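# Per-entry structural report
Residue strings, one per chain:
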Amino acid sequence: MRKVAVERKGETNFFTSAMIKDCMKKVIAVNLHQVVQVDNEIEIKAYYAGHVLGAAMFHIKVGTQSLVYTGDYNMTPDRHLGAAWIDRCRPDLLISESTYATTIRDSKRCRERDFLKKVHECVNNGGKVLIPVFALGRAQELCILLETYWERMDLKVPIYFAAGLTEKLIMPGYCVQGTVGAQVLGGAKKIEIENRQTVEVKLSVEELGIDCFMPPNGETAVIKTTLPVRAVIDQGLLMKSKQ
């Protein structure tokens, strides 16, 4: 049963199991590259989007017109998933996300090197490292990264999927403003948790960009691949391709 945290009294049940089961009855599973003929005019085809397990982008045809719609995707392969792929379908409209479209970041290799360096320094000094991470894909990706590094450096420190108290906390991922995670990343030394209990933050904190999103040139890559007449970039940006 899903629970949603509220400010006043801890947690309250929001979605029941029955509600989720009723919702799932309306879901139709679609395989990648499967063409679904909705009626005489509407046709849908799913493509592999990378990003996380199960992510897909969709090419939708209605009569003589078509569009490609995609949420998060990644045109660059990582350790456990391949790169997104789609036909050169020349849609009339491409609708795409743009999480890091205007953000200049260090290369993935540099960010991973920085991550491994900080983890290694902590365990070498006798500390423990806690890595809160999204369950979909990032846990697997970081496990592969750490295992490869552990073998190369011949480290004997054990790695667990869950641990107790930590002396160093590394939080890759997005923390909504006002949450405990955001407070910790903001440098708070005392935070309030359930039942108005206050705890002292006795650890050092690092924020690192280890994620499954595409690099800043990802939008141009999918535009060059699909060759749309027009492209709409959501999450804050609007642009048009050459007609």
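Note that the coordinates shown come from a computational prediction; the quantities given were computed from them, not determined experimentally. (Residues numbered from 1 in each chain as written. Predicted model: local features only at pLDDT ≥ 70, side-chain atom pairs only at ≥ 80, totals over all residues. Heavy atoms only, no water.)

## Considering the pattern of salt bridges
- What the rule picks out here adds up to eight salt bridges.
- With its nearest N and O atoms 2.7 Å apart, the salt bridge here joins arginine 79 to glutamate 112. Pair noted here: arginine 79 is in the loop between β6 (65-70) and β7 (93-96) and glutamate 112 is in helix α2 (residues 108-124), with a separation of 33 residues, a long-range link.
- The class for arginine 79 is partly exposed, based on a relative accessible area of 37%.
- Note on glutamate 112: relative accessible area 10%, which makes it buried.
- Salt-bridge contacts for lysine 118 lead to aspartate 114; the nearest nitrogen and oxygen are separated by 2.6 Å. On the criterion of helical spacing, the pair formed by lysine 118 and aspartate 114 is a turn pair, its members being four residues apart in helix α2. (Salt bridge = Lys/Arg side-chain N within 4 Å of Asp/Glu carboxyl O. Helix = DSSP H or I, 4+ residues; strand = E, 2+ residues; numbered from the N terminus. Buried < 20%, exposed > 50% of the residue type's maximum accessible area, 1.4 Å probe, protein only.)

## Observations concerning the packing of aromatic side chains
- If you walk through the whole model with that rule in mind, you get two aromatic pairs.
- Summarising the aromatic geometry, the rings of tyrosine 47 and tryptophan 85 are spaced 6.0 Å apart at their centres and angled 50° between planes, so their arrangement reads as tilted. Of this pair, tyrosine 47 sits in strand β4 (residues 42-48) while tryptophan 85 sits in the loop between β6 and β7; the two residues are 38 residues apart in sequence, bridging distant segments of the chain.
- Tyrosine 47 sits in the buried class, given a relative accessible area of 2%.
- The exposure class of tryptophan 85 is partly exposed, given its relative accessible area of 46%.
- Judged by centre distance (6.2 Å) and plane angle (55°), the ring pair of tyrosine 149 and tryptophan 150 falls under tilted.
- The class for tyrosine 149 is buried, based on a relative accessible area of 10%.
- Here tryptophan 150 falls in the buried class, since its relative accessible area comes to 10%. (Phe/Tyr/Trp six-rings, centres within 6.5 Å; stacked < 30°, edge-to-face > 60°.)

## Topic: helix α3 (residues 138-153)
- In this model, α3 (16 residues) spans 22 Å end to end at C-alpha, consistent with the 22 Å of a helix rising 1.5 Å per residue.
- All of the buried residues along α3 are Arg138, Glu141, Leu142, Leu145, Leu146, Tyr149 and Trp150. The buried side chains of α3 occupy one side of the element, clustering within an arc of 160° when seen end-on.
- After α3 finishes, the residue aspartate 154 shows a positive phi value of roughly 55°. (Expected span 1.5 Å × (residues − 1). Arc of directions from axis to C-beta.)

## Here's the deal with the sheet that holds β6
- The mixed open sheet is built from six strands, whose spatial order is β3-β4-β5-β6-β7-β13. Strand pairing shows two members of the sheet lacking a second neighbour, β3 (35-37) and β13 (230-233), which therefore form its edges. Taken over all neighbouring pairs, the strand axes of this sheet differ in orientation by 15° on average, direction set aside.
- As paired elements, β3 and β4 share three bridges and run antiparallel to each other. Each residue of the ladder has a partner; that of glutamine 37, found in β4, is glutamate 43. (Pairing = 2+ DSSP bridges. Axes fitted to C-alpha atoms, helices over the stretch in contact; angles between N-to-C directions.)

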